[in-house]
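Observations on the model geometry
Spelled out from the first residue to the last, the chains are:
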Amino acid sequence: MIKPIKQLLKKTTQSAGIFGYMSPEYLEHGEATPMADVYSYGVVVLEVVSGQMAVDFRRPEVLLARRVHEFEAQKRPLEDLADIRLNGAYDHEELIRVVKLGIACTRSDPGLRPTMRQIVRILDGKRSMAHEKREKVLRVEKIGDKRMPVLCQ
């Protein structure tokens, strides 16, 4: 049986997703946005670089994204985040660039995360994290009963 379009488009009141990949604003409001996707992508980047799981209940801080942000706040060398199974066999500049990208993507404030377009430029090597500036500022506003990202000059 085919469901009516209104039923398919009806807003869900329940969040769905895997805990370690969900952005803070998605956990709070349950609204999927492009910036929530950027956050999830950043978690995957940090998993690949570090060889660690997004959620590890064996650790005092269970969330990888928070552990990495604490690591950065302590001004520890970002190379120390590299998966130990790599035995140092990687391009150090690329590692730093990708770690910084993962950190930027998992910032708590969605307006401070890079856009997917910026992420692609960074991964293509056309831009570095240091040179990447937000083309437009993104903020989240309540529009009707939904919280939506808004681009502004």
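So, how was this worked out
- Residues numbered from 1 in each chain as written.
- Predicted model: local features only at pLDDT ≥ 70, side-chain atom pairs only at ≥ 80, totals over all residues.
- Heavy atoms only, no water.
- Core = buried A, V, L, I, M, F, W, Y, C linked by side-chain atoms within 4.5 Å.
- Buried < 20%, exposed > 50% of the residue type's maximum accessible area, 1.4 Å probe, protein only.
- Helix = DSSP H or I, 4+ residues; strand = E, 2+ residues; numbered from the N terminus.
- Contact = heavy atoms within 4.5 Å.
- Polar contact = N/O pair within 3.5 Å; in protein donor to acceptor, adjacent residues only side chain to side chain.
- Expected span 1.5 Å × (residues − 1).
- Arc of directions from axis to C-beta.

1. Quick word on the nonpolar core
- In this structure, Val 49, Val 68, Leu 78, Leu 81, Leu 95, Val 99 and Ile 103 are the most contacted members of the largest nonpolar core, which totals 13 residues.
- Here this core takes four residues from helix H5 (residues 92-105), the largest share from any one element.
- Leaving out residues up to four positions away in the same chain, Val 49 has contacts with Leu 81, Ala 82, Asp 83, Leu 95, Val 98 and Val 99.
- Membership of the second largest hydrophobic core comes to six residues, among which are Met 35, Val 38, Leu 101 and Cys 105.

2. So, the side chain of Arg 97
- Looking at where Arg 97 falls in the secondary structure, it is placed in helix H5.
- Here Glu 94 takes part through its side chain, which lies 2.5 Å from a polar atom of the side chain of Arg 97.

3. Observations regarding helix H3 (residues 34-50)
- For H3, which comprises 17 residues, the first-to-last C-alpha distance of 24 Å matches the rise-based estimate of 24 Å (1.5 Å per residue) to within 8%.
- Met 35, Ala 36, Val 38, Tyr 39, Gly 42, Val 43, Val 45, Leu 46, Glu 47, Val 49 and Ser 50 are the residues of H3 that are buried.
- Backbone geometry just after H3 places Gly 51 at a positive phi near 75°.

4. Comments concerning helix H6 (residues 116-124)
- Listed in full, the buried residues belonging to H6 are Gln 118, Ile 119 and Ile 122. Projected onto a plane normal to the axis of H6, the buried residues spread over an arc of 105° and lie on a single side. Exposed and oriented more than 90 degrees from the buried face of H6 are Arg 117 and Asp 124.
- Looking at the packing, one finds that the buried side of H6 touches H3 and H5.
- Of the residues trailing H6, Gly 125 is marked for its positive phi of about 85°.

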